[in-house]
Structures are given as structure tokens and as C-alpha cells.
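Structure at a glance
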Amino acid sequence: MLVKQSLSISDIRVPAKRGNTLDAARRDLLAEDLIEHGQTTPIQVRSEGSGYILIEGLHRLEALRLLGEIRIDAYLVRARQH
């Protein structure tokens, strides 16, 4: 079961390949929506060392960063063990 956590945005690393998919117009529209409604869907991250790696939610992360927020709601995803 996923548990929502509040994480520091500065602790989240975006892989270069994922970062290249950022659509600035979509991010800006999402930022406007976040001002009005707040974050309703947490992003997904996995733990790496003392920080986190983004799995899902690039536009939400970057929209909140654009708005000057320092924290974001996230689900910590653990890798399956085989």
C-alpha cells in the first residue's frame, strides 16, 4: 500500500531522459490549476541514497517548483523483489 509523504523538492532528482520530456506549456497550465486547487495527485519517487529519483509526475514537480514551493506530496515506490 502506498503512503503519501511530504518531501522536499530539492531532494528529488529528475533523470535526464525524463527531464527531456518536459512540455513548458503543459507545466504552466498545471501551475495555474495548482494555484486554484492545490496538489490532488501525489508524484511517485523511489529512494536513492539520501534523496529520491522521480518515477512519475514530472509536470507536477516542475509546476510546483515554478510556483516556488519547497515541498511536494509523493508516494515512495519500492522495487519488487523477485
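Note that the structure is predicted; figures quoted are calculated from it, not measured. (Residues numbered from 1 in each chain as written. Predicted model: local features only at pLDDT ≥ 70, side-chain atom pairs only at ≥ 80, totals over all residues. Heavy atoms only, no water.)

Right, let's get into the sheet that holds strand S2 (residues 12-13). Strand order in the open sheet formed by five strands is S1-S5-S3-S4-S2, and the pairing between neighbours is mixed. Of all the strands in the sheet, the pair left with one neighbour each is strand S1 (4-8) and S2. Examined bridge by bridge, S2 and strand S4 (residues 51-56) share two bridges and lie parallel to one another. Residue pairing for S4: arginine 13 is matched across the bridge by isoleucine 53. Each of S2, strand S3 (43-48), S4 and strand S5 (71-76) is contacted by helix H3 (residues 58-66), which is oriented at about 125 degrees to S4, the strand it contacts most. (Pairing = 2+ DSSP bridges. Helix = DSSP H or I, 4+ residues; strand = E, 2+ residues; numbered from the N terminus. Contact = heavy atoms within 4.5 Å. Axes fitted to C-alpha atoms, helices over the stretch in contact; angles between N-to-C directions.)

Moving on: the side chain of arginine 60. Here arginine 60 lies in helix H3. Salt bridges are absent for the buried arginine 60, whose nearest opposite-charge side chain, glutamate 56, sits at 4.5 Å. Residue contacts for arginine 60: discarding those within four places in its chain leaves Leu30, Leu34, Thr41, Pro42, Ile43 and Ile72. (Buried < 20%, exposed > 50% of the residue type's maximum accessible area, 1.4 Å probe, protein only. Lys, Arg positive; Asp, Glu negative; His and termini not counted. Salt bridge = Lys/Arg side-chain N within 4 Å of Asp/Glu carboxyl O.)

A word on the pairing of S5. Only one face of S5 is buried: it carries Ile72, Ala74 and Leu76, and the other face, with Arg71, Asp73 and Tyr75, is open. Strand direction decides the pairing type here: S1 and S5, joined by five bridges, are antiparallel. Within S5, the position partnered with glutamine 5 by the bridge is alanine 74. As paired elements, S3 and S5 share three bridges and run parallel to each other. Within S5, the residue paired with glutamine 44 across the bridge is tyrosine 75.

When the terminal C-alpha atoms of helix H2 (residues 24-37) are compared, their 20 Å separation across 14 residues agrees well with the 20 Å that a helix rising 1.5 Å per residue should span. Looking at H2, one finds that the buried residues are Arg27, Ala31 and Leu34. Down the axis of H2, the buried side of the element spans an arc of 65 degrees, and every buried residue falls inside it. Among the exposed residues of H2, those oriented more than 90 degrees off its buried face are Arg26, Leu29, Glu32, Glu36 and His37. Residues of H2 that are buried in the fold lie against H3. The opening residue of H2, the one whose side-chain oxygen lies 3.0 Å from the backbone nitrogen of alanine 25, is aspartate 23. The first or second residue beyond H2 is glycine 38, which carries a positive phi of 80 degrees. (Expected span 1.5 Å × (residues − 1). Arc of directions from axis to C-beta. Polar contact = N/O pair within 3.5 Å; in protein donor to acceptor, adjacent residues only side chain to side chain.)

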